[in-house]
2 protein chains.
Amino acid sequence: MNREKEKISIKQIAELAKVSVATVSRVINQKGRFSSETEKKVLDIIERYNYKPSMIARGLRTNESKTVGIIMPDITNEFFSSIVRELEIQLFSLGYTAFICNTDESEETEKKYYWDLLSKAVDGFICISGRVKNEQDFDLAPTVFIDREIQNNDKSIVVASDNYEGGYLATSEMIRSGCKKIAILMDKRSISTSNDRYSGYKKALKKFGIELDKKLVRKVYPINYSTAKSEVEKMIKEKIEFDGIFAITDWMALGVTDALRNEGYKVPQNVKVVGFDNISISKFSSLPITTISQNVELLAQKSVELLMDLIAGEKVQRKTYIIPVSLVKRESC
Amino acid sequence: MNREKEKISIKQIAELAKVSVATVSRVINQKGRFSSETEKKVLDIIERYNYKPSMIARGLRTNESKTVGIIMPDITNEFFSSIVRELEIQLFSLGYTAFICNTDESEETEKKYYWDLLSKAVDGFICISGRVKNEQDFDLAPTVFIDREIQNNDKSIVVASDNYEGGYLATSEMIRSGCKKIAILMDKRSISTSNDRYSGYKKALKKFGIELDKKLVRKVYPINYSTAKSEVEKMIKEKIEFDGIFAITDWMALGVTDALRNEGYKVPQNVKVVGFDNISISKFSSLPITTISQNVELLAQKSVELLMDLIAGEKVQRKTYIIPVSLVKRESC
């Protein structure tokens with residue numbers, strides 16, 4: 001047996017086949033998406049060089065620990081846990097173990113977990129970050145951010161839903177349904193997901209010739225069922241007029257509809273409501289909520305692909321990769 | 001300064017105070033439950049021996065890595081993720097980092113994660129196990145099981161809800177509301193949570209003089225919204241008569257009520273439904289579901305307490321620790 005031939009690496013296969021390392025892994029493991037043309041190219045090279053995938057898969061010939069740290073802000077939020085589940089499945093199919101850490105939206109916890117995971121020699125990170133400031137301490141290992149952009153950091157690799165388009169779609173739908181005074185419930189913190197959805201909201205108002213009314217821009221923290229419910233009760237008490245509410249999460253939308261119905265408003269007859277995320281509760285709640293669906297599978301797939309390239313030492317363009325969203329029409333608007 | 005005095009360990013403090021290590025940690029961190037009497041005892045010893053808790057908390061004087069592995073079966077199931085969130089908060093307050101692994105109910109994945117976590121030198125495990133057989137390979141580190149008992153293993157330390165009582169409460173409630181033909185939707189696999197809820201169901205039938213009808217005992221796998229929905233559709237097709245359904249999870253109960261209502265049955269007028277878990281969906285669904293509430297906080301607290309004792313080398317009684325449950329009355333029964 002030619003020992004030279006055994007020594008080809010997964011990275012070299014990727015180079016020879018002119019595809020990414022993640023694609024090679026997908027072909028080897030027969031999981032995820034790849035064309036039959038790509039498959040043939042990769043398999044030909046593997047055969048020609050007598051490559052033994054199982055040895056690489058076990059990390060025996062590399063310094064890799066074959067582990068990835070996933071940092072998430074809230075394990076009980078179905079949107080985040082769905083992404084993490086997808087990530088975990090895809091990483092596992094590539095021979096990687098995922099260690100998940102839940103920060104409960106605490107910056108302090110996030111930092112501690114980052115260092116603890118680093119000390120366990122993970123090969124890289126996928127971070128769904130609750131942090132608003134970039135403190136440069138995610139530079140010590142390959143890292144891909146999901147969902148939330150780190151401010152002032154043009155060096156980050158981010159995979160995010162098209163939140164701007166989502167805000168635009170949600171607001172346009174309400175305007176087309178007759179709304180003229182649309183409130184937005186957003187995050188008090190300066191977080192890109194919230195800010196981008198707000199920008200989309202403003203774009204829709206502008207396009208349809210509706211002036212922005214600052215009284216209708218409501219910032220809360222934390223963003224959840226209770227704070228959204230309280231904020232709507234407050235708006236009603238303050239006698240602020242509105243005929244539509246865009247809540248930037250489904251849980252907030254649920255708080256909004258409950259507050260409205262408790263106060264005697266009919267949804268969608270008196271007030272229309274649109275949420276964001278398309279989690280189960282928006283489908284099964286007593287008033288099914290019109291919402292913006294994020295493509296969890298694609299968010300996970302793109303993130304894993306980029307991380308694999310980073311870990312393999314490939315050149316990856318440092319930018320925000322945008323995943324499309326879509327409107328899901330239900331009964332609240 | 002007396003160097004001897006500095007060297008007292010958290011374990012020695014526990015011994016001197018005649019309390020568990022976890023209790024000492026709780027007093028030091030002022031988190032969780034302890035009596036004022038216990039607090040005084042612990043603080044007196046700490047003062048007498050000039051104990052520096054922060055040094056222990058950072059693991060500087062021990063061989064501990066101050067990390068715990070949490071193995072969970074399904075991160076997108078709110079019941080599991082709520083427990084994990086509680087565990088993580090309590091472990092963090094004791095200076096521990098929690099690495100969470102999601103097995104997606106796969107035995108193979110669970111095994112791999114166990115070994116990967118072991119190789120990262122975690123101090124112990126809290127395992128919410130989807131496995132039905134005990135293969136003795138959880139013996140290599142201190143381990144506490146939550147929710148699901150491992151069969152044929154009298155050496156395991158398990159913290160579980162009172163599933164037997166839960167099944168009894170659910171079924172009794174339906175009988176008291178007039179049901180005479182109560183079906184149960186349970187797990188096809190032999191899992192203790194499912195089996196225990198079934199035993200409680202049988203006990204209630206017996207107590208009220210209702211004979212067990214095997215046609216009404218319906219086993220499905222996996223246990224979720226879709227399989228429960230299909231099973232009810234099947235029962236209707238097979239013209240099996242029933243006036244109540246006890247579903248062993250809330251997601252299954254939701255599938256049951258949707259199937260019934262699609263087929264023209266009124267809930268609770270024609271058929272009464274009770275679920276289990278008390279997750280958000282049971283509260284916010286279009287028909288709020290009567291359910292059995294598990295005490296997530298206590299499940300987590302007891303598990304962490306036992307694990308801390310195990311890690312500290314304390315003697316822990318190997319048995320199943322039972323946490324009480326309660327009935328939450330809503331509209332489906």
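Presented here is a report on the structure given in the accompanying data block. (Residues numbered from 1 in each chain as written. Chains lettered and ligands numbered in written order. Predicted model: local features only at pLDDT ≥ 70, side-chain atom pairs only at ≥ 80, totals over all residues. Heavy atoms only, no water.)

1. Here we look at the sheet that holds strand β8 (residues 244–247) of chain A
Residues and elements named next belong to chain A.
No. 1: Read across the sheet, four strands follow the order β7-β6-β8-β9 without closing on themselves; strand pairing throughout is parallel. The open sheet has two edge strands with one neighbour each: β7 (217–220) and β9 (272–274). For this sheet the average axis-to-axis angle between neighbouring strands, irrespective of direction, equals 20 degrees.
No. 2: Relative to β9, β8 runs parallel, the two being bridged by three bridges. Bridge pairing in β9 links Phe246 to Val274.
No. 3: On the sheet, helix α9 (residues 192–207) packs against β6 (182–187), β7 and β8 and is oriented at approximately 165 degrees with respect to β6. (Pairing = 2+ DSSP bridges. Helix = DSSP H or I, 4+ residues; strand = E, 2+ residues; numbered from the N terminus. Axes fitted to C-alpha atoms, helices over the stretch in contact; angles between N-to-C directions. Contact = heavy atoms within 4.5 Å.)

2. Focus: the nonpolar core
No. 1: Grouped together as the largest cluster of nonpolar side chains are 191 residues, with contacts concentrated most on Leu260 of chain A together with Leu260 of chain B.
No. 2: Ignoring anything within four residues of it in the chain, the contact list for Leu260 of chain A reads Val232, Ile236, Phe242, Ile245, Tyr265, Val267, Val271 and Val273 of chain A. (Core = buried A, V, L, I, M, F, W, Y, C linked by side-chain atoms within 4.5 Å. Buried < 20%, exposed > 50% of the residue type's maximum accessible area, 1.4 Å probe, protein only.)

3. A short note on the packing of aromatic side chains
No. 1: The tally for this structure, following the rule as stated, stands at 19 aromatic pairs over all chains.
No. 2: Note on Tyr113 of chain A and Phe92 of chain B: the rings are 5.7 Å apart at their centroids and 80 degrees apart in plane angle, and the pair reads as edge-to-face. On the criterion of chain membership, the pair formed by Tyr113 of chain A in helix α7 (residues 107–119) and Phe92 of chain B in helix α6 (residues 78–93) is interchain, its members lying in two chains.
No. 3: A connected cluster of aromatic rings, assembled from ring pairs, spans Tyr114, Trp115 and Phe125 of chain A.
No. 4: The ring of Phe276 of chain B is capped by Arg197 of chain B, whose NZ or CZ atom sits 3.6 Å from the centre of that ring. (Phe/Tyr/Trp six-rings, centres within 6.5 Å; stacked < 30°, edge-to-face > 60°. Lys NZ or Arg CZ within 6 Å of the ring centre and 35° of its normal.)

4. Focus on the relation of the copies chain B and chain A
Between the two chain copies there is a screw-like relation: a rotation about an axis and a shift along it.
No. 1: Mapping chain B onto chain A calls for a screw motion: a turn of 180 degrees about the axis and a shift of 0.1 Å along it, with 0.2 Å RMSD after fitting. What the superposition gives is, in effect, a two-fold axis relating one chain to the other. Within chain B, the C-alpha atom positioned nearest to the axis of rotation is that of Ser286 of chain B, 1.6 Å from it. (Least-squares fit on C-alpha atoms with pLDDT ≥ 70 in both.)

5. Considering helix α8 (residues 163–176) of chain B
An α-helical segment advances 3.6 residues per turn. Residues three or four places apart therefore align on the same side.
Residues and elements named next belong to chain B.
No. 1: Between its first and last C-alpha, α8 extends 20 Å over 14 residues, near the 20 Å set by a 1.5 Å rise per residue.
No. 2: Among the 14 residues of α8, ten are classified as buried, and the element is accordingly described as predominantly covered.
No. 3: Turning to α8, its buried residues number three or more, namely Asn163, Gly166, Gly167, Tyr168, Ala170, Thr171, Ser172, Glu173, Met174 and Ile175.
No. 4: Looking one or two residues past α8, Gly178 carries a phi angle of roughly 110 degrees, positive in sign. (Expected span 1.5 Å × (residues − 1).)

6. Looking at the environment of Val267 of chain A
Residue and element names in this part refer to chain A.
No. 1: Following the sequence through the fold, Val267 ends up in the loop between α11 (250–262) and β9.
No. 2: For the pair formed by Val267 and Val256, sequence separation is eleven residues and the distance between their alpha carbons is 10.0 Å.
No. 3: With residues up to four places along the chain from it excluded, the contact list for Val267 reads Thr257, Leu260, Arg261, Val273, Leu287 and Ser332.

7. Some words on the pairing of strand β11 (residues 320–323) of chain B
Residue and element names in this part refer to chain B.
No. 1: In β11, alternate side chains face the same way, and those of Tyr321 and Ile323 are buried while those of Thr320 and Ile322 on the opposite face are not.
No. 2: Sheet topology note: the strand β5 (residues 158–161)/β11 ladder contains four bridges and is parallel. Note that in β11 the partner of Ala160 across the bridge is Ile322.

8. Things to note about unusual backbone geometry
No. 1: Of the consecutive residues Val267 of chain A and Pro268 of chain A, the connecting peptide bond is found in the cis state with omega at 10 degrees.
No. 2: Position of Pro268 of chain A relative to the elements: it lies in the loop between α11 and β9.
No. 3: Here the bond from Tyr221 of chain B into Pro222 of chain B is cis, since omega is -5 degrees, no more than 30 degrees from zero.
No. 4: Examined against the element boundaries, Pro222 of chain B turns out to sit in the loop between β7 (217–220) and α10 (225–237).

9. What about the interface of chain B and chain A?
No. 1: The interface is formed by 37 residues belonging to chain B together with 37 residues belonging to chain A.
No. 2: Summed over both sides, the interface between chain B and chain A buries roughly 3,200 Å², with carbon and sulfur atoms accounting for 65% of that surface.
No. 3: In this assembly, chain B and chain A are joined by two salt bridges.
No. 4: Among the ionic pairs, Asp104 of chain B bridges to Arg85 of chain A, the shortest N-O distance being 2.8 Å.
No. 5: For the side of chain B that touches chain A, the elements supplying multiple residues, two or more each, are β1 (67–72), α6, β2 (97–102), α7 (107–119), α11 (250–262) and α12 (280–284) of chain B.
No. 6: It is α6 of chain B that contributes the most residues to the side of chain B that touches chain A, seven residues altogether.
No. 7: Class assignment of the residues belonging to the side of chain B that touches chain A gives a composition of 17 nonpolar, twelve polar and eight charged. (Buried area = accessible area lost by both parts, 1.4 Å probe. Salt bridge = Lys/Arg side-chain N within 4 Å of Asp/Glu carboxyl O. Nonpolar A, V, L, I, M, F, W, Y, C, P; charged D, E, K, R; others polar.)

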